[in-house]
Amino acid sequence: MAHRMLYKAIKRIKRVMAYLRKPLLREEDLRGMNLDGANLSYKNLRYKDLTSANLSGADLIGANLSFAKLTSANLFGAVLIAADLSCADLTGADLTETYLPHADLCYADLTGAKLTGADLSFVHLIGANLTGANLTGADLRVANLYYANLTDANLTDAKLFGATMPDGRKHA
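Residues numbered from 1 in each chain as written. Predicted model: local features only at pLDDT ≥ 70, side-chain atom pairs only at ≥ 80, totals over all residues. Heavy atoms only, no water.

Chemist: I'd like a rundown of the overall build of the protein chain, residues and numbers included.
Modeler: Along its length, the protein chain carries one helix and zero strands. Expressed as a percentage of the 172 residues in the protein chain, the buried residues total 40%. A total accessible area of about 9300 Å² is found for the protein chain, and carbon and sulfur atoms account for 56% of it. (Helix = DSSP H or I, 4+ residues; strand = E, 2+ residues; numbered from the N terminus. Buried < 20%, exposed > 50% of the residue type's maximum accessible area, 1.4 Å probe, protein only. Areas by Shrake-Rupley, 256 points an atom, 1.4 Å probe, with all protein chains shown as cover.)

Below is the structure:
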């Protein structure tokens, strides 16, 4: 009798463990999903469609969002330290007060994105499209903006000390 109960308990534990090992976000299409405050640190979200998703306050430290579609996504106050957003589509996304130090945004499309008060220190924005982006009060210290498109971008009160500008010159 005791062996049978022990066997059933072990079987239940194995089922729970198998469930817990499943990836959190397996589907490719996560459009409009509410992930407010979610812990997605170090998750592989490469090529995921997060169009209009709510990621405000989400923890995305070290996450791989390369080639992800984040068009009109809400990332207000999200933490993306050392996240990979290379070649991501962030057109019209809200990245207000987002924390992005050491993130990779090379060749990302940030057309019309809101980056007001965002921490973009030490960020790689090589070849990124920031056309019409609002970078008011953003911290871009030591950021690499080489070949970035800043056409009509609002850089009012942005901190640019040590940043590499699109023409390759260092900002004083």
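Chemist: Account for the nonpolar core, with residues named and values stated.
Modeler: By size, the foremost hydrophobic cluster in this structure holds 49 residues, and its most contacted members are L85, L90 and L120. Leaving out residues up to four positions away in the same chain, L85 has contacts with L65, S66, L70, L80, L90, L100, D104, L105 and A108. (Core = buried A, V, L, I, M, F, W, Y, C linked by side-chain atoms within 4.5 Å. Contact = heavy atoms within 4.5 Å.)

Chemist: Which residues make up unusual backbone geometry, and what values go with them?
Modeler: Located in the positive-phi region is C87, a residue other than glycine, with phi close to 60°. With respect to the secondary-structure elements, C87 resides in the segment after α1 (2-21). Here the phi dihedral of E97 falls at roughly 55°; this positive angle occurs in a residue that is not glycine. Assignment of secondary structure puts E97 in the segment after α1. By relative accessible area, which is 51% here, E97 ends up exposed.

Chemist: An account of the environment of L160 is needed here, citing residue identities and associated values.
Modeler: For L160, the position within the fold is in the segment after α1. Under the relative-accessibility criterion, L160 is labelled buried at 12%. Taking the C-alpha atoms as reference points, L160 and A138, separated by 22 residues in sequence, lie 8.7 Å from one another. Residues in contact with L160, not counting those within four places in the same chain, are L140, L145 and H171.

Chemist: Explain the pattern of salt bridges to me, and be specific about the residues and the numbers.
Modeler: Opposite charge on two side chains permits them to pair, given that their charged atoms come into close proximity. Counted under the stated rule, the structure contains three salt bridges. Ionic pairing is found between R31 and D49, a salt bridge with its closest N-O pair at 3.8 Å. Here R31, found in the segment after α1, pairs with D49, found in the segment after α1; they are 18 residues apart in sequence, far enough to count as distant. According to the relative accessible area criterion, R31 is exposed, its value standing at 52%. When its relative accessible area of 18% is taken as the criterion, D49 is described as buried. (Salt bridge = Lys/Arg side-chain N within 4 Å of Asp/Glu carboxyl O.)

Chemist: I'd like a rundown of the packing of aromatic side chains, residues and numbers included.
Modeler: By convention here, two paired aromatic rings are described through the distance between centres and the angle between planes. Throughout the structure, instances matching the rule amount to two aromatic pairs. Here Y47 and F67 contribute two aromatic rings whose centre-to-centre distance is 5.0 Å and whose plane-to-plane angle is 15°, an arrangement assigned as stacked. Placement of the pair is Y47 in the segment after α1 and F67 in the segment after α1, with a sequence separation of 20 residues. Its relative accessible area of 47% is what places Y47 among the partly exposed residues. (Phe/Tyr/Trp six-rings, centres within 6.5 Å; stacked < 30°, edge-to-face > 60°.)

Chemist: Report on the side chain of T71, specifying residues and quantitative values.
Modeler: Examined against the element boundaries, T71 turns out to sit in the segment after α1. Residue classification places T71 among the buried positions, given a relative accessible area of 16%.

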